[in-house]
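# Reading the structure
Each chain, letter by letter, is given below.
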Amino acid sequence: QGTKGNCSQRVQEMSLWHHNHLPSTNTAKSSLSQISMLIKRNTSSSIKFIPLLFNTFTIAFSTMASKTVTAPSSYVEQARQLRLPTREETLRRDPYCQYFWRRYDGLLEKAWKEWAETDEAAASLPKLDSSLYHPKLRQAVEDAWKDPSAKEQAVRDMWEEVAPDVFQCQFLDPEKIAELRAYLDKAADAGIPTRPPYGIVLNRKGFMLDPRSDGYMAIPAFQEFYRDMIDTYMRPLGRVLYPQWIQEGDDSDSFAFSINYQPSKDQGIREHTDASTLTLNINLNLPDGQEDWQGSSLYFKDRATGEKHTVNFAPGMAVVHRGGIPHAALPIVSGERTNLVLWLFGQDGHIGYMPHNEEMTPEQRWKKPEQCSEPVDKKQQWSPF
């Protein structure tokens, strides 16, 4: 009552969508089961639930009305036939968007695995390993893992403080960036739906990259490299640079996405803080004039003085900072800038805002959590967005 017009419009929109893509009969049966469950769990006063309920009805009835639907022969084909939420639906955070990514997340994971095993474009992808890191940083990190007490200072010394509590270092070998970028570029052309990052603003050419995120880029080889980057480089680095602020329990969980800025769209992002204990921001532009850009600097604001410190990227350069430091990406003027952004935080989004009384030992800092590489159960995991 009072929302009859909106509900009628929703039915028409969803009917049109399912006219373009009708699920299988099993999906209809599943949808009818959802209807029964949802009606039991929700009262007629749950107005916010109405769009999802109509969506579920539409799936069931439109499927039963179609008797000629034939299932695609592969997971990749099924994924490619899905109709993604529109940009407008995403921008207004329509309930259907969450429904779509949750509903098809399992199919998309299977599609990426199948694509990696069978597609010619995937077969040409290079192997991702430690050779992608800058040689000096790679050697320093390898030495620190062997002898933390004697060698971790060498890792610390490679990071220059470019603003209060903000550090910068040549993280990737510029000549190897193309190998990592190949995964993003091939994924963009694969035709498998991926969910763009939408925290403060929507970044249309970006990817969600962590398994805790629905619609993430689930290419197995990339995921293996990403997990090793978290465990071998990022987690101990945060503990070394911020020994009073980051200890075990503050950095157990990860989150990641890629971003792309260009003058015609997604030019930058206003001042904000991150929902993270630690943020690692790595530039992925190709070197030697292949992908030059102007503008798109970061600034970090000193909470004590209000002063803004400008920080510029270069190919393979990384910036690391605690998530609570206010920062922004200024508008890009020309070219494009592509970055990989990784977050660490504690279980259920825990972020410590007070320094610890005692610091970890070097051996504790350079120790991988026993379950840090376990598969993520999304139903039990918190995700920033």
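Provided above is the structure to which this section pertains.
Here's a quick rundown of the structure.

The rules behind the values
- Residues numbered from 1 in each chain as written.
- Predicted model: local features only at pLDDT ≥ 70, side-chain atom pairs only at ≥ 80, totals over all residues.
- Heavy atoms only, no water.
- Helix = DSSP H or I, 4+ residues; strand = E, 2+ residues; numbered from the N terminus.
- Expected span 1.5 Å × (residues − 1).
- Bend = angle between axes of the 7 residues up to and from the residue.
- Polar contact = N/O pair within 3.5 Å; in protein donor to acceptor, adjacent residues only side chain to side chain.
- Contact = heavy atoms within 4.5 Å.
- Buried < 20%, exposed > 50% of the residue type's maximum accessible area, 1.4 Å probe, protein only.
- Lys, Arg positive; Asp, Glu negative; His and termini not counted.
- Salt bridge = Lys/Arg side-chain N within 4 Å of Asp/Glu carboxyl O.
- Pairing = 2+ DSSP bridges.
- Axes fitted to C-alpha atoms, helices over the stretch in contact; angles between N-to-C directions.

### Thoughts on helix α6 (residues 95-118)
Since the α-helix packs 3.6 residues into each turn, any two residues three or four apart lie on the same face. For α6, with 24 residues, the first-to-last C-alpha span of 34 Å sits near the 34 Å given by 1.5 Å per residue. Of all the bends found along α6, the most pronounced is centred on Asp105 and spans about 55 degrees. For α6, the side-chain oxygen to backbone nitrogen distance between the N-cap and Tyr96 is 2.8 Å, and the N-cap itself is Asp94.

### So, the environment of Gly324
Within the fold, Gly324 resides in the loop between β9 (317-321) and β10 (327-329). When the C-alpha positions of Gly324 and Gly352 are compared, they lie 9.8 Å apart, and in sequence the two are 28 residues distant. Apart from the residues within four sequence positions on either side, Gly324 is in contact with Thr273, Asp274, Ser276 and Arg303.

### Some thoughts on the side chain of Arg195
Relative to the helices and strands, Arg195 is located in the loop between α10 (177-189) and α11 (220-241). Although buried, Arg195 forms no salt bridge, and the nearest oppositely charged side chain, Asp214, lies 5.6 Å from it. Looking at Arg195, its side chain comes within polar contact range of the main-chain oxygen of Phe385, at 3.5 Å. In contact with Arg195, not counting residues within four places along its chain, are Trp101, Gly206, Phe207, Met208, Ser213, Asp214, Gly215 and Phe385.

### Brief notes about the sheet that holds strand β1 (residues 160-163)
Pairing in this open sheet of six strands is antiparallel, and the strands run β1-β2-β9-β5-β12-β3 from one edge to the other. The open sheet is flanked by β1 and β3 (253-261), the only strands paired with a single partner. In this sheet, adjacent strand axes meet at a mean angle of 25 degrees when their direction is disregarded. In this sheet, strand β12 (residues 337-345) lies alongside β3 in antiparallel orientation, the contact comprising nine bridges. Paired with Ser254 across the strands is Leu344, a residue of β12. Running over the sheet, α11 touches β2 (166-170), β3, β5 (278-283), β9 and β12 and is turned about 70 degrees from β12.

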